[in-house]
Amino acid sequence: AQTIHQWPVAEIKAVGSPLSLGCTIKGKSSPNLYWYWQATGGTLQQLFYSITVGQVESVVQLNLSASRPKDDQFILSTEKLLLSHSGFYLCAWSLGWGGAQDTQYFGPGTRLLVL
Amino acid sequence: QQQVRQSPQSLTVWEGETAILNCSYENSAFDYFPWYQQFPGEGPALLIAIRSVSDKKEDGRFTIFFNKREKKLSLHITDSQPGDSATYFCAASQGGSAKLIFGEGTKLTVSS
């Protein structure tokens, strides 16, 4: 069975400080990986996706960056946090796209509060 | 520009009633429509999904009705239970694309 783990569970950070959030997928080889951001009470907005190690595509510009250093790992980071970065960050995976492979499965999320 | 819209924003039904959640979209190229259920503080969980080649998808108490011509779909939850109280998101994607577009969500409350 596939498991998806996100770390940390929650963070409180100061404006201007750096950030690194992580996501690990176990039990699935070469998945597509995604990062989403969700404002409190809001919708989900896709930020990045990656189909293979070392390749990341940006969907929206929010002064964030992402990297995929390993097949099962996806990292979201920034050198300088803004107040607007507060929210819920979700990692997701899929087998691919097309047919049943379209389905994206989400992790438990990381709650971020920037003060 | 919101490509996927949901209504109502919030909905309250009594236990045992049928809850109807609506979704509409703009891009006629969308062909895959998953619905996700999200509880507070948790990640969304896939509930049920439909492809544009079908007009109905059923899974237990959950049914999607899809109208391709009108670019509308709805999620029916029959015999609603208090445990169904959650926010439900309609999403859409185009075959071969990595992008999944979410609606604003409908917050469902089931009262007993």
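Scroll up a little and you will see the structure.
A. Local environment of the environment of G42 of chain A. Residues and elements named next belong to chain A. Tracing the sequence through the fold places G42 in the loop between β4 (32-38) and β5 (44-52). Classification of G42 by relative accessible area gives buried; the value is 18%. Between the alpha carbons of G42 and Q61 there is a distance of 18 Å; along the sequence they are 19 residues apart.

B. Broad picture of the nonpolar core. Ranked by size, the top nonpolar core spans 25 residues in total, and within it W35, L73, L75 and Y88 of chain B carry the most contacts. Looking at this core, the elements with two or more residues in it are β2 (10-14), β3 (19-25), β4 (32-38), β5 (45-51), β7 (62-67), β8 (72-77), β9 (86-92) and β11 (106-111) of chain B. Beyond its immediate sequence surroundings of up to four residues, L75 of chain B is in contact with A19, I20, L21, W35, L47, I48, F62, T63, I64 and Y88 of chain B. Counting 21 residues, the second largest nonpolar core, distinct from the first, contains W35, L76, C91 and W93 of chain A.

C. Spotlight on the sheet that holds strand β3 (residues 19-26) of chain A. Residue and element names in this part refer to chain A. Taking strand neighbours across the sheet as the criterion, the four strands line up as β1-β3-β8-β7 in an open arrangement whose pairing is antiparallel. Each edge of the open sheet is held by one strand with a lone partner, namely β1 (3-7) and β7 (65-70). Neighbour-to-neighbour, the strand axes of this sheet turn through a mean angle of 20°, independent of strand direction. The sheet contact formed by β7 and strand β8 (residues 73-78) spans four bridges and is antiparallel. In the sheet register, K70 faces β8, and the bridge partner there is Q73.

Calculation criteria
- The written sequence of each chain sets the order in which its residues are numbered from 1.
- To label them, take the chains in the order written and letter them from A, then take the ligands in the order written and number them from 1.
- Residues qualify for local features only when their pLDDT is at least 70, as the model is predicted, and side-chain atom pairs are given and counted only at 80 or more; totals for whole chains, interfaces and linings, by contrast, use all residues.
- Hydrogens and water are ignored here; the side-chain numbers use all heavy atoms of the structure.
- Helix numbers and strand numbers start at the N terminus; a helix is a DSSP run of H or I with at least 4 residues, a strand a run of E with at least 2.
- Classification of residues uses two cut-offs on accessible area relative to the type maximum, computed with a 1.4 Å probe and protein chains only: under 20% is buried, over 50% is exposed, and between them is partly exposed.
- We call a set of buried residues a nonpolar core when its members are Ala, Val, Leu, Ile, Met, Phe, Trp, Tyr or Cys and they connect through side-chain atoms within 4.5 Å of each other.
- The criterion used for residue contact is that any of the two residues' heavy atoms lie within 4.5 Å.
- If DSSP finds at least two bridges between two strands, the strands pair.
- Think of each axis as a best-fit line through the C-alpha atoms, taken over the contacting stretch in the case of a helix, with angles from 0 to 180 degrees between the N-to-C directions.

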